[in-house]
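# Residue-level structure breakdown
The primary structure of each chain is shown beneath.
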Amino acid sequence: MIRIVDYGVGNIQAFLTLFKRLGVDAQRATHAEALADATRLILPGVGHFDHAMQRLNDSGMRERLEELVLEAKIPVVGVCVGMQMLATGSEEGKLPGLNWIPGHVRAFANHPQAKDLPMPHMGWNTLKVREGSTLFAQAAEEAPQFYFLHSYYFDAQQKEDVAATAHYGFDFDAVVSRGHIHGVQCHPEKSHHWGAQLLKNFAEG
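Since the model is a prediction, treat every value here as computed from it, not as a measurement.

Another point: the overall build of the protein chain. Regarding its fold elements, the protein chain presents 5 helices and 13 strands. Its C-alpha atoms give the protein chain a radius of gyration of 16 Å, near enough to 17 Å, the size a compact globule of 205 residues would have. Dimensions of the protein chain, computed from C-alpha atoms along their principal axes, come out at roughly 45 × 40 × 30 Å. Counting over 205 residues, the protein chain shows a buried share of 54%. Partitioning the contacts of the protein chain with sequence separation of at least 6, the portion at a separation of at least 24 is 71%.

In structure tokens, the structure reads:
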């Protein structure tokens, strides 16, 4: 059972609709007890980093999530701000992140090669995928296209955790994977067959 963590931030219905089309059993979880049957987890997120972290902290699900991910090794994928929450912290806020994949979330506006570009980074972008990533085990194409909408990016502390990059002024870490823990800055639920294939790979991997 894929459980989509519903802590009040993120488009849960878009994921549910896509998984239904794929024939994959997925349901939302709004409290800790609903996570008990999870074999996969999705942590969505949109908006401000601190707001998302505070909502998760207040949801009553964080402790159970950490047990499932860090102790039981249940696979998880964070999406958009949900990916950024996997980091140690963010320039966008003051609250600590989950620190499941060491790194820091940084502003494009503070990067010399991106500071003069329009913000947010919005639209379709090609991913440059590194070999061996679970999320791209069955790739639809060699250069998959994904939809992005963000002003901050994940800067992984250990670059071996980077599964794919995208380019916006410079090559930034667009997908990170550390064992069973994954994060995608793009929106697979809005990325047509490329996104559907990524989520299918996650569900079956």
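By the definition in use, this model includes 11 salt bridges. When the shortest N-O distance is used, the salt bridge between Asp-173 and Lys-159 registers 2.6 Å. Of this pair, Asp-173 sits in strand 12 (residues 171-178) while Lys-159 sits in the loop between strand 10 (152-156) and strand 11 (162-167), placing them 14 residues apart in sequence. The exposure class of Asp-173 is buried, given its relative accessible area of 7%. Lys-200 is paired through a salt bridge with Glu-204; the nearest N and O atoms lie 3.0 Å apart. Of this pair, Lys-200 and Glu-204 both sit in helix 5 (residues 192-204), 4 residues apart, roughly one helical turn. On the basis of relative accessible area, Lys-200 is assigned to the partly exposed category, the value being 28%.

Take the packing of aromatic side chains next. Evaluation of the coordinates by the stated rule reveals 10 aromatic pairs. For the pair Tyr-153 and Phe-172, a centre-to-centre distance of 6.5 Å together with 55 degrees between the ring planes defines the contact as tilted. Of this pair, Tyr-153 sits in strand 10 while Phe-172 sits in strand 12, and the two are 19 residues apart along the sequence. Residue Tyr-153 shares its accessibility class with Phe-172, and that shared class is buried. Three or more aromatic residues joined by ring pairs make a cluster, and in this case those are Phe-108, Phe-148, Tyr-153, Tyr-168, Phe-170 and Phe-172.

Turning our eyes to something else, we now look at the pairing of strand 12. If a strand is regular, its side chains alternate between the two faces of the sheet. Burial analysis of strand 12 places 6 of its 8 residues in the buried class, which makes it a mostly covered element. The pairing of strand 11 with strand 12 spans 5 bridges and is antiparallel. Directly across from His-167, in strand 12, lies its bridge partner Asp-171. The turn joining strand 11 and strand 12, which pair antiparallel and follow one another in sequence, is formed by 3 residues; a positive phi near 85 degrees is taken by Gly-169. Pairing between strand 12 and strand 13 (residues 181-184): 4 bridges, direction antiparallel. Following the sheet pairing, Ser-177 is matched in strand 13 by His-182. If you look at the hairpin formed by strand 12 and strand 13, you'll find 2 residues sitting between the two strands, and Gly-179 has a positive phi there, around 65 degrees.

A few words on the layout of surface pockets. Here the largest pocket is characterised by a volume of approximately 230 Å³. Among the elements of the structure, helix 4 (81-84) and strand 9 (145-150) are those that each provide at least two residues to the lining of the largest pocket. Taken together, the residues of the lining of the largest pocket sort by class into 9 nonpolar, 9 polar and 3 charged.

Core analysis: the biggest nonpolar cluster contains 69 residues, and Leu-41, Ile-42 and Met-85 have the highest contact counts within it. Per element, the largest residue contribution to this core is 6 residues, and it comes from helix 5.

Let's shift gears to the state of the cysteines. Here the structure, examined in full by the defined rule, presents 0 disulfides. A disulfide-free cysteine, Cys-80 has its sulfur positioned 9.0 Å from the sulfur of Cys-186, the nearest such atom. Exposure remark for Cys-80: the relative accessible area of 5% places this residue in the buried category.

Rules used in this analysis
Residues numbered from 1 in each chain as written. Predicted model: local features only at pLDDT ≥ 70, side-chain atom pairs only at ≥ 80, totals over all residues. Heavy atoms only, no water. Helix = DSSP H or I, 4+ residues; strand = E, 2+ residues; numbered from the N terminus. Rg over C-alpha atoms; globule rule 2.2 N^0.38 Å. Buried < 20%, exposed > 50% of the residue type's maximum accessible area, 1.4 Å probe, protein only. Contact = heavy atoms within 4.5 Å. Salt bridge = Lys/Arg side-chain N within 4 Å of Asp/Glu carboxyl O. Phe/Tyr/Trp six-rings, centres within 6.5 Å; stacked < 30°, edge-to-face > 60°. Pairing = 2+ DSSP bridges. 1 Å grid on protein atoms, 1.4 Å probe; cavity = no way out; pocket = protein on both sides within 12 Å on 5 of 7 lines; lining within 4 Å. Points joined across faces, edges and corners; volume = space filled by probe spheres on them. Nonpolar A, V, L, I, M, F, W, Y, C, P; charged D, E, K, R; others polar. Core = buried A, V, L, I, M, F, W, Y, C linked by side-chain atoms within 4.5 Å. Disulfide = S-S within 2.5 Å.

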